[in-house]
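# Coordinates in review
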Amino acid sequence: MFESSYLNKVYDELLIKSKNEPEFLQAVEEFLKSIDLIIQDYPDIEKYSIIERIIEPERVIMFRVPWVDDQNGIKVNRGFRVQFNSAIGPYKGGIRFDKSVTLSIMKFLAFEQMFKNSLTGLPMGGAKGGSDFSPIGKSDNEIMRFCQSFMSELYRHIGADLDVPAGDFGVGAREIGYMFGYYKKLKNEFTGAFTGKGLSFGGSLVRKEATGYGVCYFAEEALKIMKNDSLKGKRIIVTGSGNVGTYTAIKAVELGAKVIAMSDISGYVYDENGIDVNYVRDIKEKQKKNLDSYPIAYPLVKFVPNYKEVWTIKADIIFPCATQNELDIEDAKKLVKNGTIMVCEGANMPTTIAAIDYLIKHNILFAPGKAANAGGVATSGLEMSQNSIRLNWTATEVDNKLHSIMKNIFKTCYNTAKKVGKEGNLVIGANIAGFLKIYEAMVAEGVI
Ligand code: NDP
Ligand code: 2IT
């Protein structure tokens, strides 16, 4: 599979050991394809067994999460925290609550997080956690009891200088509030052990919007440098209407683009005149409903109750902001046929490897999630800084820092790809640049 016999040997062993972890194998394969290009130039990678070490999490915590529902029934979910790598800083990464959560999904997310965090330039290691608990259809009290049970184990493994969780799919301000509250009670201390906190108890301005804003800042910079173009006037599709999708859509409109379609689990809305993205935010954040209720305010707008069909729409730029592997090779073929110029990932690993290869082969500007969606965790890093110095920065200060971090991440990816003779391939640039910093730290820190 790879040019390097060392990489082939390590990956073949992983294929056996992790045969039940398809998402993790996918993330590792995509990463190693990039490392294959530089492995000859860095003999120390093999000498110090860096690849064997970097694909093995430093620690995996798995635990039972029992809780009592509103009917007094006892429910049991599975809890996870994968502390993948702490070479460059304390473990850092979100928590996901969704019925699809498995160890494989936790491991792929933590693995990708390690390189993403490295790309931000901030001192953060990689981790991810979560549970196969779905908040959908649960009462507030049920969610609180679940979060408290989850924290009654996790609190021992996290801390401001150890491991700092945040939100992810299915985990927003409400869940973080309940988890942080219980952490504080159990530890009997008020420390910045979470990011994405409410503004009244140590949260940072712009953290909620940061991933989506960052996705647009990255896209704008990539379009400028690589195509002498911009988001202005572009017709855009955003999939997923959660935290990342909503704020990607809002910033894209602010930058002059037209969002013509958005999706969620109920289906997608499509309006050539441009969707009312603030109304979508209202439906999701305030009304807690699905996009199938969009036509209540806009009866003439088309709603299609099948999210997968969104890829048939002709658009200039696609922001996949829902979930892993939502964009496959068949979808990629539709995008190429429709003349799409750019795919910029807001979600983590939303595009399959075959689809990425196809898009790049057809000269579509492809921005990988571990670079393009790093604005969320970067702003989490800024929240940690503010907690440490016990000061709050203004929204403009945080937004300006986020903007400059995203521009730097683009520059790093672009220049790194160019240096290895793959100019324009941001997947290769992101993987290699994210890796090299961790590799250096791992060598310096010895065999641990
Ligand atoms: P949310 O839970 O806030 O939102 C997820 C959205 O995706 C929901 O609107 C959901 O629909 C929708 N959805 C789920 N599956 C599909 C699908 N197959 N097709 C279309 N829509 C779908 O999650 P986030 O926005 O936080 O996370 C989205 C992605 O971004 C994840 O991959 C996450 O790991 C990644 N990410 C998140 C960051 C963060 O800070 N939150 C940072 C960086 C990356 P419904 O509302 O109907 O349930
Ligand atoms: O995937 C991600 O980068 C996140 N879910 C955000 C992690 C964080 O610690 O802010």
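Computed from a predicted structure; not experimentally measured.

Time to look at the sheet that holds strand 4 (residues 126-131). In any sheet, the strands associate via hydrogen bonds between backbone groups, in a parallel or an antiparallel arrangement. With mixed pairing, the 5 strands of this open sheet are ordered in space as 1-2-4-3-5. Taken across any chain shown, the strands that pair with only one partner, and hence form the sheet edges, are strand 1 (59-68) and strand 5 (163-166). Across the sheet, the axes of successive neighbouring strands diverge by a mean angle of 20°, strand direction being ignored. Pairing between strand 1 and strand 2 (residues 74-85): 10 bridges, direction antiparallel. The residue bridging Ile-61 from the neighbouring strand is Arg-81, located in strand 2.

Let's shift gears to the confidence of the model for the chain. Summary statistics for the chain give a mean pLDDT of 98 and a share of 100% for residues scoring 70 or more. The lowest-confidence element of the chain is strand 9 (residues 302-304), averaging 96 in pLDDT; the highest-confidence one is helix 5 (residues 103-119), averaging 99.

Under the definition given, this model contains 23 salt bridges. Its salt-bridge partner being Asp-168, residue Lys-128 comes within 3.1 Å of it at the nearest N-O pair. With Lys-128 in strand 4 and Asp-168 in the loop between strand 5 and helix 7 (173-187), the pair connects residues that are 40 residues apart, well separated along the chain. For Lys-308, the salt bridge goes to Asp-331, with nearest N and O atoms at 2.8 Å. Of this pair, Lys-308 sits in the loop between strand 9 and strand 10 (317-320) while Asp-331 sits in helix 12 (residues 329-337), placing them 23 residues apart in sequence. Looking at Lys-308, the relative accessible area reads 30%, which means it is partly exposed. In this structure, a network of salt bridges that share partners links the residues Lys-308, Asp-328, Asp-331 and Lys-334.

Thresholds, definitions, all that
- Residues numbered from 1 in each chain as written.
- Chains lettered and ligands numbered in written order.
- Predicted model: local features only at pLDDT ≥ 70, side-chain atom pairs only at ≥ 80, totals over all residues.
- Heavy atoms only, no water.
- Pairing = 2+ DSSP bridges.
- Helix = DSSP H or I, 4+ residues; strand = E, 2+ residues; numbered from the N terminus.
- Axes fitted to C-alpha atoms, helices over the stretch in contact; angles between N-to-C directions.
- pLDDT = per-residue confidence, 0-100.
- Salt bridge = Lys/Arg side-chain N within 4 Å of Asp/Glu carboxyl O.
- Buried < 20%, exposed > 50% of the residue type's maximum accessible area, 1.4 Å probe, protein only.

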